[in-house]
Amino acid sequence: MSKISTGVYPIDKLLDGGIETDIITSFYGPSASGKTNIAIRNSYNVSRLGKKVIYIDTEGGFSLERLKQIAKEDF
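Residues numbered from 1 in each chain as written. Predicted model: local features only at pLDDT ≥ 70, side-chain atom pairs only at ≥ 80, totals over all residues. Heavy atoms only, no water.

A.B. asks: Where do I start with the layout of surface pockets in this structure?
C.D. replies: Sizing a probe to match a water molecule and rolling it over the atoms shows the empty space that remains. Of the volumes computed, that of the largest pocket is approximately 1,200 Å³. Elements with a contribution of two residues or more to the lining of the largest pocket: β2 (19-20) and α2 (35-48). Per-element tally for the lining of the largest pocket: the top contributor is α2, with 6 residues. For the lining of the largest pocket, the per-class residue count stands at 14 nonpolar, 11 polar and 7 charged. (1 Å grid on protein atoms, 1.4 Å probe; cavity = no way out; pocket = protein on both sides within 12 Å on 5 of 7 lines; lining within 4 Å. Points joined across faces, edges and corners; volume = space filled by probe spheres on them. Helix = DSSP H or I, 4+ residues; strand = E, 2+ residues; numbered from the N terminus. Nonpolar A, V, L, I, M, F, W, Y, C, P; charged D, E, K, R; others polar.)

Shown next, in the form of structure tokens:
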């Protein structure tokens, strides 16, 4: 089973190394608990590895500005 880091050590530790590859992963929880940030950060990390990402936003929580902020953190 292959895993990809979320880029956030405490979350990777909870997930025993990261998010599994080749499966659909869902995050759920209360409002403002960081679900969208985790999804955006993980999507960014996977795309940096040259892999394809499908991000499905069913609630309109995706923020292009937040994606830009995450990308700038790497540089």
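So much for the structure itself; the text now carries on.
A.B. asks: I tried to follow a nonpolar patch on the surface on my own but got confused; where do I start?
C.D. replies: A grouping of Leu14, Leu15 and Phe27 is seen on the molecular surface, where their side chains present a nonpolar patch of about 290 Å² in accessible area. Here Phe27 is to be found in the loop between β2 and α2. (Patch = residues over 30% accessible without salt bridge, like charges linked within 9 Å, V, L, I, M, F, W, Y side chains within 5 Å. Areas by Shrake-Rupley, 256 points an atom, 1.4 Å probe, with all protein chains shown as cover. Salt bridge = Lys/Arg side-chain N within 4 Å of Asp/Glu carboxyl O.)

A.B. asks: Just to check I follow, could you spell out α2 for this structure?
C.D. replies: Each turn of an α-helix holds 3.6 residues, which means side chains three or four residues apart point in the same direction. Spanning 14 residues, α2 covers 20 Å between terminal C-alpha atoms, matching the ideal 20 Å at 1.5 Å per step. If you check which residues of α2 are buried, you get Ile38, Ile40, Arg41, Asn42, Ser43, Tyr44, Asn45 and Val46. Gly50 sits one or two residues past α2 and shows a positive phi near 80°. (Expected span 1.5 Å × (residues − 1). Buried < 20%, exposed > 50% of the residue type's maximum accessible area, 1.4 Å probe, protein only.)

A.B. asks: Please explain the side chain of Asp12 as it appears in this structure.
C.D. replies: With respect to the helices, strands and loops of the structure, Asp12 is situated in helix α1 (residues 9-14). One buried charged residue, Asp12, forms no salt bridge at all, with the nearest opposite charge on Lys3 at 8.9 Å. A distance of 2.5 Å separates a polar atom in the side chain of Asp12 from a polar atom in the side chain of Ser5. Leave out the neighbours within four places in its chain, and Asp12 touches Ser5, Thr6, Gly7, Gly17 and Gly18. (Lys, Arg positive; Asp, Glu negative; His and termini not counted. Polar contact = N/O pair within 3.5 Å; in protein donor to acceptor, adjacent residues only side chain to side chain. Contact = heavy atoms within 4.5 Å.)

A.B. asks: How should I be thinking about the pattern of salt bridges in this particular structure?
C.D. replies: Between side chains of opposite charge, a pair can form when the charged atoms approach closely. Throughout the structure, instances matching the rule amount to 3 salt bridges. Taking the shortest distance from any N to any O, the salt bridge between Arg41 and Glu73 comes out at 2.6 Å. Taken together, the positions of Arg41 in helix α2 and Glu73 in helix α3 (residues 64-73) put the pair 32 residues apart, joining distant regions of the chain. Look at Arg41 and you get buried, because its relative accessible area is 16%. With a relative accessible area of 46%, Glu73 lands in the partly exposed category.

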